[in-house]
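Secondary and tertiary structure notes
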Amino acid sequence: WQIKPEESLFIYEPGLGPDNYSHPGHIPVFTSDLKISAEVRSACGDNTACLFDAAATNDTAIGLNSMMTGLMLEQERNLVGNAPPNITGDPRIIAFLGKPVLYTMVVNDADEFNVTLSPMTGAQLPVTYTFARTSHS
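Here the structure is a predicted model, which means the values were calculated and not measured. (Residues numbered from 1 in each chain as written. Predicted model: local features only at pLDDT ≥ 70, side-chain atom pairs only at ≥ 80, totals over all residues. Heavy atoms only, no water.)

1. Describing the state of the cysteines
- Applying the stated rule across the entire model yields 1 disulfide.
- The disulfide partner of Cys44 is Cys50, and the S-S distance across this bridge is 2.0 Å. Linking Cys44 and Cys50, the disulfide has an S-S dihedral of approximately -60° and is accordingly described as left-handed.
- According to the relative accessible area criterion, Cys50 is buried, its value standing at 0%. (Disulfide = S-S within 2.5 Å. Buried < 20%, exposed > 50% of the residue type's maximum accessible area, 1.4 Å probe, protein only.)

2. Digging into the layout of surface pockets
- Each pocket or cavity is described by its volume, and for the second largest pocket that value is around 260 Å³.
- Forming the walls of the second largest pocket are 12 residues, and the residues nearest its centre are Ile3, Tyr12, Pro18, Tyr21 and Ser22.
- Here the residues of the lining of the second largest pocket sort into 8 nonpolar, 3 polar and 1 charged. (1 Å grid on protein atoms, 1.4 Å probe; cavity = no way out; pocket = protein on both sides within 12 Å on 5 of 7 lines; lining within 4 Å. Points joined across faces, edges and corners; volume = space filled by probe spheres on them. Nonpolar A, V, L, I, M, F, W, Y, C, P; charged D, E, K, R; others polar.)

3. A word on unusual backbone geometry
- For Asn58, which is not glycine, the phi dihedral falls at a positive 60°.
- Note that Asn58 resides in the loop between helix H2 (48-57) and helix H3 (60-80).
- The exposure class assigned to Asn58 is exposed, which follows from its relative accessible area of 74%. (Helix = DSSP H or I, 4+ residues; strand = E, 2+ residues; numbered from the N terminus.)

4. Some points on the packing of aromatic side chains
- This structure, assessed with the given rule, holds 2 aromatic pairs.
- Pairwise contacts between aromatic rings join Phe10, Tyr12 and Tyr21 into one cluster. (Phe/Tyr/Trp six-rings, centres within 6.5 Å; stacked < 30°, edge-to-face > 60°.)

What follows is the structure, encoded as structure tokens:
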């Protein structure tokens, strides 16, 4: 389930690579691997996050906390009435010193709200930058 070092999309400090951050002995836990007790099923109902976290940690309270957090986030999203936009593009940015950089991304909002892009407060951007908007239907 792990990638090969040459498949990594991360950029590492000199002398470091994927092997410095991997844990080959780690065995991931999947929902199908867990034995979910009747007590956990009773407490969690059909909430997947609760079932998984309670069974994986052997602590029903952690599962219930995961369920409550998910429910609160869903309520907040419903109050706001808008899911975050989906932003896609090449994960790599290739830049050369003194040359302009063109980066293209596609931004879609499932709720069909207008999306505004702007640099983060405090972001250190070059003296000149532009966001060019194109619309595709």
